[in-house]
Amino acid sequence: MSTRNPSNLRAVTGKSVAAAVVAIALVGCNSTEDAALTDAEQTTQTTNTSVVTSAPESTTAEAVEAEQEAEETETEDIEVVPPTETFGSGTALTTPTADADKVVEVTVANGEVEVEDLRIKVDVGSTVGVVIESDEVEHLHLHGYDILVDIAPGETANFSFLADQAGVFEIELEESGRFLFEIQVS
Amino acid sequence: MIFAHGVGERGDLPLPLYLFAWGLGLALVISFFALGVLWTEPRLEKASEGKALASGGGLRAVSIVARTIGFALYALCLAAAFFGTNQPSQNLMPVTFYVVVWVGAQLIGGLIGDVWGLFNPIETLAKGGERFGQIIGRPVGHGPTNWGHWPATIGLLIFLFYELSHPTGARPRTLAWVIGAHAVFTLLMGMAWGADWVREHEPFTVFFAKIGAMAPLFVEDGKLRVRSPISGLARMPVRTGSVALVLTAIGGTSFDGFSESETGRDVFGSFFDWELAAWESIGLIVSIAIAIGLYAIAIAWTNSVTKIGFGRAWREFAPSLVPIAFGYAGAHYFQLFSDEVQSFFFRLSDPFGVGWNVLGVSADSRWLIGTTAVAWIQVGAMLIGHVGGVVVAHDRAVDIFPVGKSLQSQFAMLIVMVAYSSLGLLLLLTA
């Protein structure tokens, strides 16, 4: 799907993702990890479908372009892991995280955080992807944009978002209160 | 480190900081000498009387409603902290405690009036304790009168430890036990010494009342009155420990700014959990010590010029620190407040974090304030805070010192004010 014009895509998907997030939230955060993950995969599928079907309803050229691009990338990225479900009041992109303008990889093992830099700098309007692995059950929280992702040990969680608000935003783990890194959008 | 490890905040974009620092320093020097020429006799004391706005029944009704809301929210937060999700960002307690109460009561308290005093659920709780004591036939005693604000200062220090150093200080369960223990303590103190104890010793109530002393709106003899901003500081009660209380708050805010800066991240980045907490606690203490040290330099100079005694000068100029504490809080926490007050409504709609949406709030309505606007508000807060501090200190000086000495006695205070403001800009705005 498009990374060139994510704001448009975001507008189209915003409602459906919000609906999906509410639906997931209703299932309950405290259900077992396995059940939650299965739910996540299903929801992600549904969300993706709704994007493709709702795009033609829009009459703008960008939307059509986005749809065409979406089809192209779908065939290319067939191996790509779908984004992990997100909670929080913010909206994550449904595009594959690997397609983001900037992808940050984080590993947390034995209490040590491994990340390329404590402050990642990106431009306003770019897309940022986060790929994280942790050896403990955790919840990643991106402040400001308010995106929450559950992390299961031994599995890779990933999400991406549109960095359309300037500022410096912290990303931390909620269980241990551990600071991972911050993203400076300018 | 992270504001309370989980409530979170976003920093600002880099500013041409040196310009602001010079501007602020210049504004302080100009206002200092302008005051020397134009402000030759004390004025704040008279202005602090203010004039009556409303009285009687209306105020009483507002007070009852506010106390009811305050106590209901307090009870709901405690319930959420004990029984809701233990994720900080999904529970009502952390955002209410650290943002709405701690930051909100300072910002609104300094700008408008002591809003914590209006809602104060702790006093309601203590009144309950007092009533219960009377019912079971236990006479209400009197607490010691010579402790001043030291108990409140120690309480504030404990709060700052949980806010800035404790490894899980933002976890709902941690807060549940700490605030639960505080509630039990409040009930017992209410039984033993009566509800007046809260106004004299309870850390939040005492500190927010200090900040509220600079606000234009205040209540006296059951009447709502209005006065010039900061004039109320002329009659702010100063007791032993008052200076330490305000400087502890200033030191705490400074330390929060430092630990979020890139330098701070480098210093504390390699520690985790209790090891991190230990280093951060040391940092907090050092930060408070620096704030106290700077004030001590100014007071030592004042004493050397006027010979009024170090201890007396120490207390006389305590009110001039309040606008600085307010300025620091505004500069450092305004953005957090603007962003997270919205989270508060999301959390209020789902206090236990189980997926409710009682208030029907929509994620689409979330709005993050622009960083340019924030930068100006921060600089404005620092300007108001420090010019306010200079004005209050000057007013005290012309009141207690002869004309020739008053300006001279404040030279070191001026330098310290410039130091506080430059330090504040450096620590609080760079993030």
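This structure is a prediction, so every number in the text was calculated from the model and none was measured.

Undergrad: Whenever I open this one, the overall build of chain B confuses me. Can you help?
TA: Looking only at helices and strands, one finds 18 helices and 4 strands in chain B. In terms of overall size, chain B behaves like a compact globule, its C-alpha atoms giving a radius of gyration of 22 Å where 431 residues would be expected to give roughly 22 Å. Expressed along its principal axes, the backbone C-alpha trace of chain B runs to roughly 65 × 55 × 40 Å. The burial tally for chain B puts 51% of its 431 residues in the buried class.

Undergrad: Please explain the overall build of chain A as it appears in this structure.
TA: From N to C terminus, chain A includes 3 helices and 10 strands. Ordered by position in the sequence, the α and β elements of chain A form the string α-α-α-β-β-β-β-β-β-β-β-β-β. In chain A, buried positions account for 41% of the 186 residues. Expressed as a percentage of contacts within chain A between residues at least 6 apart in sequence, the contacts between residues at least 24 apart total 70%.

Undergrad: What am I meant to see in the pairing of strand 2 (residues 51-55) of chain B here?
TA: On a regular strand, each side chain points to the face opposite its neighbour's, so the side chains alternate between the two faces of the sheet. Residue and element names in this part refer to chain B. Among the 5 residues of strand 2, 0 are classified as buried, and the element is accordingly described as predominantly exposed. Bridge analysis of strand 2 against strand 4 (residues 223-226) gives 4 bridges, and the strand direction is antiparallel. When the bridges of strand 4 are listed, alanine 52 appears paired with arginine 225.

Undergrad: Help me understand helix 16 (residues 371-400) of chain B in this model?
TA: Since there are 3.6 residues in each turn of an α-helix, residues three or four apart along the chain are aligned in direction. An ideal rise of 1.5 Å per residue puts 44 Å on 30 residues; helix 16 of chain B measures up with 43 Å between its terminal C-alpha atoms. Of all 30 residues in helix 16 of chain B, 21 are buried, a share of seventy percent or more.

Undergrad: Help me understand the nonpolar core in this model?
TA: Soluble globular proteins tend to pack their nonpolar side chains together in the buried interior. Of all hydrophobic cores here, the largest spans 97 residues; its most connected members are Val246, Leu321 and Ala325 of chain B. With residues near it in sequence (within four places) discarded, alanine 325 of chain B still touches Ile211, Val246, Ala249 and Ile250 of chain B.

Undergrad: Sorry, what's going on with the sheet that holds strand 5 (residues 126-134) of chain A here?
TA: Within a sheet, each strand pairs with its neighbour through backbone hydrogen bonds, oriented either parallel or antiparallel. Residue and element names in this part refer to chain A. Read from one edge to the other, the open sheet built from 4 strands follows the order 3-2-5-8, with strand pairing classed as mixed. Both outer strands of the open sheet, strand 3 (112-114) and strand 8 (156-163), are each paired with one neighbouring strand and no more. Recorded for the sheet is a direction-independent mean angle of 20 degrees between the axes of neighbouring strands. Direction of pairing for strand 2 (residues 102-109) relative to strand 3: antiparallel, over a ladder of 3 bridges. By the bridge assignment for strand 3, alanine 109 is matched with glutamate 112.

Undergrad: Looking at this structure, I do not really get the sheet that holds strand 3 (residues 217-220) of chain B. What am I missing?
TA: Residue and element names in this part refer to chain B. Spatially, the 3 strands line up as an open sheet ordered 2-4-3, and their pairing is antiparallel. Bordering the open sheet on either side are strand 2 and strand 3, each of which pairs with just one other strand. Averaged over all pairs of adjacent strands, the angle between strand axes in this sheet comes to 35 degrees, irrespective of strand direction.

Undergrad: How do you make sense of the packing of helix 4 (residues 92-111) of chain B against helix 10 (residues 203-212) of chain B when you look at a structure like this?
TA: All names here are of chain B. Where helix 4 contacts helix 10, the axes come no closer than 7 Å and their chain directions differ by 35 degrees. Contact residues: Ala105, Gln106, Gly109 and Gly110 in helix 4; Phe208, Ile211 and Gly212 in helix 10. Considered class by class, the residues forming the contact of helix 4 with helix 10 number 3 nonpolar, 4 polar and no charged.

Undergrad: What's the story with the packing of helix 7 (residues 150-165) of chain B against helix 13 (residues 273-306) of chain B in this structure? I'm lost.
TA: Each pair of packed helices gets described by two things: the angle between the helix axes and the distance between those axes. Residues and elements named next belong to chain B. At a closest axis distance of 10 Å, the pairing of helix 7 and helix 13 adopts a crossing angle of 125 degrees. Between helix 7 and helix 13, the angle is such that the two are oblique. Taken as a pair, helix 7 and helix 13 cross one another with a handedness that is right-handed. Across from Leu160, Phe161, Leu164 and Ser165 in helix 7, the residues of helix 13 making contact are Ala277, Glu280, Ser281 and Leu284. Looking at the contact of helix 7 with helix 13 residue by residue, the classes come out as 5 nonpolar, 2 polar and 1 charged.

Undergrad: Hey, could you run me through the pairing of strand 6 (residues 138-142) of chain A in this one?
TA: Residue and element names in this part refer to chain A. Within strand 6, 5 of the 5 residues are buried, which leaves it mostly tucked inside the rest of the structure. Neither face of strand 6 is left uncovered, since the one carrying Glu138, Leu140 and Leu142 and the one carrying His139 and His141 both have all their residues buried. Both strand 6 and strand 7 (residues 147-151) contribute to a ladder of 5 bridges, which runs antiparallel. Among the inter-strand pairings, leucine 142 is bridged to a residue of strand 7, identified as isoleucine 147. Once strand 6 ends, the chain turns through 4 residues before running back antiparallel as strand 7, passing glycine 144 with a positive phi of about 75 degrees. As paired strands, strand 6 and strand 9 (residues 167-173) are joined by 3 bridges and run antiparallel to one another. Bridge pairing in strand 9 places leucine 142 opposite isoleucine 171.

Undergrad: Looking at this structure, how should I read the confidence of the model for chain B?
TA: Detailed conclusions should not be drawn from predicted coordinates in areas where pLDDT is low. Residue and element names in this part refer to chain B. Mean pLDDT over chain B: 90, with 95% of residues reaching 70 or higher. Averaged pLDDT values over the elements of chain B bottom out at 56 in strand 1 (residues 10-11) and peak at 98 in helix 10. Across residues 1-8, confidence stays below pLDDT 50; counting only partners more than four residues off in sequence or on other chains, it has 37 contacts. Predicted complex, confidence summary: ipTM 0.78, pTM 0.83.

Undergrad: So what exactly am I meant to see when it comes to the environment of glutamate 130 of chain B here?
TA: Residue and element names in this part refer to chain B. Within the secondary structure, glutamate 130 is located in helix 6 (residues 121-135). Classification of glutamate 130 by C-beta neighbours within 10 Å gives buried; the count is 23. Note: C-alpha distance between glutamate 130 and phenylalanine 346 (216 residues apart in sequence) is 35 Å. Excluding residues that lie within four positions of it along the chain, glutamate 130 makes contacts with Val140, Gly190, Met191, Gly194 and Ala195.

Definitions and limits used
- Residues numbered from 1 in each chain as written.
- Chains lettered and ligands numbered in written order.
- Predicted model: local features only at pLDDT ≥ 70, side-chain atom pairs only at ≥ 80, totals over all residues.
- Helix = DSSP H or I, 4+ residues; strand = E, 2+ residues; numbered from the N terminus.
- Rg over C-alpha atoms; globule rule 2.2 N^0.38 Å.
- Buried ≥ 20, exposed ≤ 12 C-beta atoms within 10 Å, placed from the backbone.
- Contact = placed C-beta atoms within 7 Å.
- Pairing = 2+ DSSP bridges.
- Expected span 1.5 Å × (residues − 1).
- Core = buried A, V, L, I, M, F, W, Y, C linked by C-beta atoms within 7 Å.
- Axes fitted to C-alpha atoms, helices over the stretch in contact; angles between N-to-C directions.
- Nonpolar A, V, L, I, M, F, W, Y, C, P; charged D, E, K, R; others polar.
- Parallel < 35°, antiparallel > 145°, perpendicular 65-115°, else oblique.
- Left-handed = near helix turned anticlockwise from the far one by under 90°.
- pLDDT = per-residue confidence, 0-100.

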